[in-house]
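Inside the fold
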Amino acid sequence: MVDFPPSDPALKHLAGRNMIFTVGPNDSEDRLDKFTAEASGLSRGKVRDLIDFGSVWVRGKVCRKQSRVLAPGDYIAMQVPAYGPVRFYEADPARIIFRDEVLLAYDKEPGIPCQQTPYDGYNHLFGALQRFLGPEAYLALHHRLDRLTSGVMVFSVSQRANQSISRLFSQRGIGKTYLAVVQGEPEREEWEVDQPIAKRKGEYYCPEDGQGKPARTAFRVLASGQGRTLIQARPLTGRTHQIRLHLKACGMPIIGDEAYGGIPAERMMLHALSLEFEHPVNGRAMKIASEAPLGFRPEDYSDKTITG
């Protein structure tokens, strides 16, 4: 787990809020830092730190120019992390599990976003890898894991691989294997969920009327014990929150996935174990796997272990 900084007392009450301010006729030609400080009630120095941190957006795009002159009708969005504009996350070379001239695979920690969020332009995996590789290095993101999910992510580090690896992901040419831990014990040892996923008011769900985008996941029990079950999940489609929603639909939300009914835990118990695909340049069969963390290994469970 990543150690997050403590909350900034001056910003804690604003954390998680999406504050939007609109520039009126009397505010035209104001600087971004001056206008945002007056509109939010924060000090100008604190607002400058947030602008530089990537927490302030103008007309839907992040803006790091403190002196940007605003025009009537401009809208300013500001989201603030509870820990404030603190730069704490860097890539760990020990978590790089594969690297050649065109690909890089990293074992992402739980709690870290894959890319920039509206509230934090620094502490995310893509930015950390870019800093690790150097400002002139090529780096491209082709898939995502939820912030709370750990495990394997693959990036291209050469334009030679960019188009091919993008095609593999878009055309389902990559086999994905996840591990999930749920409370209780399923009635079956293997099963498949074929249930569409839709989005409503910014949230994903499985509609009862069957409308939505097709989604299929194959599940298999690996082990159980201590009132919990370790499950292998193989998504056959690539919908957002697919494994989480399909396990919820089975009445078995993932432990730690409180958004979908899971019991509270130190982390969400979902881990991207491996990716299997043909190398985008040389065509060689690849399997890139991370080490299963504590709590995701069959030997962590004593009642029953399924093999094969």
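A brief structural summary. (Residues numbered from 1 in each chain as written. Predicted model: local features only at pLDDT ≥ 70, side-chain atom pairs only at ≥ 80, totals over all residues. Heavy atoms only, no water.)

On to the overall build of the chain, then. Helix and strand counts for the chain come out as five helices and 17 strands. If you line up the chain on its principal axes, its C-alpha atoms span 70 × 45 × 40 Å. When each of the 308 residues of the chain is scored for burial, the buried share is 48%. For the chain, restricting intrachain contacts to residue pairs at least 6 apart in sequence, the fraction spanning at least 24 positions comes to 65%. With an accessible surface of roughly 15,400 Å², the chain has 46% of that area assigned to carbon and sulfur atoms. Here the chain contributes 40 positively and 37 negatively charged side chains, and the mean placements of these two sets differ by 5 Å. (Helix = DSSP H or I, 4+ residues; strand = E, 2+ residues; numbered from the N terminus. Buried < 20%, exposed > 50% of the residue type's maximum accessible area, 1.4 Å probe, protein only. Contact = heavy atoms within 4.5 Å. Areas by Shrake-Rupley, 256 points an atom, 1.4 Å probe, with all protein chains shown as cover. Lys, Arg positive; Asp, Glu negative; His and termini not counted. Charge placed at Lys NZ, Arg CZ, Asp CG, Glu CD.)

Regarding helix H2 (residues 44-53), the residues found buried are Val47, Leu50, Ile51 and Phe53. The buried residues of H2 occupy one face: seen down the axis, they fall within an arc of 165°. Buried residues along H2 sit in contact with helix H1 (32-40), strand S2 (56-58) and strand S4 (75-79). The first or second residue beyond H2 is Gly54, which carries a positive phi of 90°. (Arc of directions from axis to C-beta.)

We now examine the sheet that holds S2. With antiparallel pairing, the four strands of this open sheet are ordered in space as S1-S4-S2-S3. Sheet topology places strand S1 (18-22) and strand S3 (61-62) at the edges, where each strand pairs with a single neighbour. (Pairing = 2+ DSSP bridges.)

Purely geometric numbers; function is a separate question.
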